[in-house]
Amino acid sequence: MSAQLNPHARPRGAARVGIGGPVGSGKTALLEQLIPRFMARGTDIAVITNDLVTAEDAERVRRSGLIAPERVLAVETGACPHTAIREDPTLNLAAADELDRAYPGLELILIESGGDNLASSFSLDLVDYWLFVIDVAGGDDIPRKRGLGVLQCDLLVINKVDLAPHVRVNLDRMVSEAHEVRLGRPTLLTNCAHGDGVDAVVERIAQEVLFDR
Amino acid sequence: MLRLTDIVGHATDADIAERLHQMEHDGVVERIHLSRRDLSRRRQRVTTDRGTEVALMLDRSSGLDNGAVLLLEPARAVLVVLDEPQWLVLGATSAAGALEAGYFAGNMHWKVRFDGERLWVLLEGPRDDYLKRLSHLLARGHAQVIDAPPAPAAGVRYLAVPHAH
């Protein structure tokens, strides 16, 4: 059988998936919900976090006990976080390559970006697929503002949906406008505080870049 | 699902071109149409023009381009075809308008081509989205859309415009 037609053929190196979005939208919380789910399905996983001038998010994930601490690398981006995932992703590429070398069976690297505004996006030189996380508390007008992240991401995640009635957000309209500006590309709803909706995010990532099921 | 992990050649390689030509007659050449943006992805799920689902899993050092051949078997070939890029062509009505349009395109991270007094903007989404973004310039008459542009000349360069942050 040709190697190319081998149904078990595997790529060299892990799939790389970006998680971006504004400060406070729940990127790290989503990460903390994704890690145990991928581990439970047997996916060999590692994480890279991006912070401005600290390793705060990396330390939070390392301390969580969800994943071996050495599988979590931190990139400090300085004042311009989107640069490290878009214009010049050198540091993140180096970190991902380091993880690939350290863990030969690695299947998935989740790369969480430093917080930025609605205009951040990932270079496809760095990731194969990327999520953009917004939350209802940021206002239901976020989708119609047509930020680059909302428009271009492969999967839009609207988080903290449980808060919608408390912050007077019309969630149905927010989702409808997200579908409209994204021309029907996928949008999923989550409450990462409790893990609601996260299984669907895992399935989507697995379907698009893992191809293992 | 067909799992493809390598670029085995290019449609312009003489021997491959000859094989593909023969295989075309047999109806066993499948094409994957990709946008310029998706061409950058090393791993993605795609569907050929004959409906075959493909899990594309390329090495990090690999780079797709128009004509990359991903499978070349006696009974089937799969190659990549770059979708024709779509452009929005702008003209400015004054030097000030040109400066503002150029600044704005850079600030939006749009990929552009300079063509004399025209600015070609590569469309990576719906044309209407770009027109909405430009509405303030268009409404003031500082820029205008030049309709029905001719196809860009061969060898177009894609320039990432620097921006101020």
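Note that the structure is predicted; figures quoted are calculated from it, not measured.

Procedures and definitions
- Throughout, residues of each chain are indexed from 1 in the direction in which the sequence is written.
- The naming scheme follows written order: chains are lettered A onward, ligands numbered 1 onward.
- With the structure being a predicted model, the display of local features is reserved for residues of pLDDT at least 70 and the display and counting of side-chain atom pairs for 80 or more, all residues being used for whole-chain, interface and lining totals.
- Only heavy atoms go into the side-chain values, all of them from the structure, while hydrogens and water stay out.
- Confidence scores per residue from the predictor, reported as pLDDT, run from 0 to 100.
- Starting at the N terminus, helices and strands are each numbered in turn, a helix being any DSSP run of H or I of at least four residues and a strand any DSSP run of E of at least two.
- For two strands to pair, DSSP has to find at least two bridges joining them.
- Working rule for contacts: check all heavy atoms of both residues, and any pair within 4.5 Å makes them a contact.
- Between N-to-C directions, angles span 0 to 180 degrees; the directions come from axes that are lines fitted to C-alpha atoms, helices contributing only their stretch in contact.
- Stacked, tilted and edge-to-face are the three classes applied to pairs of Phe, Tyr and Trp rings, where Trp contributes its six-membered ring and a pair requires centres within 6.5 Å; stacked means planes under 30 degrees apart, edge-to-face means over 60, and tilted covers the rest.
- Each residue is assigned to one of three classes by its accessible area relative to the maximum for its type, calculated with a 1.4 Å probe on protein chains only: buried under 20%, partly exposed between the two thresholds, exposed over 50%.
- Put simply, buried area is how much 1.4 Å-probe accessible surface two parts lose in total, over both of them, once they are put together.
- One speaks of a salt bridge when a side-chain nitrogen belonging to Lys or Arg is within 4 Å of a carboxyl oxygen belonging to Asp or Glu.
- Throughout this description, a polar contact denotes any pair of N or O atoms lying within 3.5 Å of each other; where both atoms belong to protein, one of them has to be capable of donating a hydrogen while the other can accept it, and for residues adjacent in sequence the pair is counted only when both atoms sit in side chains.

### Focus: the confidence of the model for chain A
Okay, so step 1: Confidence along chain A averages 89 in pLDDT terms, with 93% of residues attaining 70 or more.
Okay, so step 2: The secondary-structure element of chain A with the lowest mean pLDDT is helix α2 (residues 56-63) of chain A, recorded at 84, while strand β7 (residues 187-189) of chain A shows the highest, at 98.

### Let's talk about the sheet that holds strand β7 (residues 76-82) of chain B
All names here are of chain B.
Okay, so step 1: Overall, mixed pairing links the four strands, which are arranged β2-β6-β7-β3 in an open sheet. In the strand order of this sheet, the two ends are held by β2 (9-10) and β3 (29-34), each with one partner.
Okay, so step 2: Pairing of β2 with strand β6 (residues 68-73), which is carried by two bridges, proceeds in the antiparallel orientation. Bridge pairing links Gly 9 to Val 69 in β6.
Okay, so step 3: Against the sheet, helix α1 (residues 14-26) makes contact with β2, β3, β6 and β7, and its axis sits at roughly 65 degrees relative to β6, the strand it touches most.

### Describing the packing of aromatic side chains
Okay, so step 1: Tallying each qualifying case throughout the model produces five aromatic pairs over all chains.
Okay, so step 2: Aromatic side chains Trp 87 of chain B and Trp 120 of chain B sit 5.7 Å apart centroid to centroid with 80 degrees between the ring planes, which places their arrangement in the edge-to-face category. Of this pair, Trp 87 of chain B sits in strand β8 (residues 87-92) while Trp 120 of chain B sits in strand β10 (residues 118-122), placing them 33 residues apart in sequence. As far as burial versus exposure is concerned, Trp 87 of chain B and Trp 120 of chain B are alike and both buried.
Okay, so step 3: Seen in terms of ring centroids, Phe 104 of chain B and Trp 110 of chain B are 5.7 Å apart; in terms of plane orientation they differ by 80 degrees. Their pairing is edge-to-face.
Okay, so step 4: Take Phe 104 of chain B: its relative accessible area is 15%, and that puts it in the buried class.
Okay, so step 5: Residue classification places Trp 110 of chain B among the buried residues on the basis of a relative accessible area of 8%.
Okay, so step 6: An aromatic cluster of at least three residues, connected via ring pairs, comprises Phe 122, Trp 130 and Phe 132 of chain A.

### A word on the interface of chain B and chain A
Okay, so step 1: With 31 residues of chain B in contact, the opposing surface of chain A contributes 37 residues.
Okay, so step 2: Interface area for chain B against chain A, summed over the two sides, is near 3,000 Å², with a carbon-plus-sulfur share of 44%.
Okay, so step 3: For the chain B face of the interface with chain A, the top three residues by lost area are Arg 3, Arg 43 and Arg 60 of chain B, together amounting to 27%.
Okay, so step 4: Between the two partners, chain B and chain A, sit four salt bridges.
Okay, so step 5: A salt bridge links Arg 42 of chain B to Asp 125 of chain A; the nearest nitrogen and oxygen atoms lie 3.8 Å apart.
Okay, so step 6: Linking chain B to chain A there are 15 residue pairs in polar contact (both at pLDDT 80 or more).
Okay, so step 7: Contributing elements (two or more residues each) for the side of chain B that touches chain A: β1 (2-4), β4 (43-47), β5 (53-57), β6 and α3 (127-133) of chain B.

### Notes on the pattern of salt bridges
Okay, so step 1: Under the defined criterion, the tally for this structure stands at 22 salt bridges over all chains.
Okay, so step 2: The salt bridge involving Arg 16 of chain A is made with Asp 100 of chain A; its shortest N-O contact spans 3.0 Å. Taken together, the residues span a long stretch of sequence, with Arg 16 of chain A in strand β1 (residues 15-20) and Asp 100 of chain A in helix α3 (residues 90-102) at a distance of 84 residues. One exposure class covers both Arg 16 of chain A and Asp 100 of chain A, and it is buried.
Okay, so step 3: With a closest N to O distance of 3.4 Å, Arg 76 of chain B and Glu 30 of chain B form a salt bridge. Placement of Arg 76 of chain B in strand β7 and of Glu 30 of chain B in strand β3 is noted, with a sequence separation of 46 residues between them.
Okay, so step 4: Judged by its relative accessible area of 26%, Arg 76 of chain B is partly exposed.

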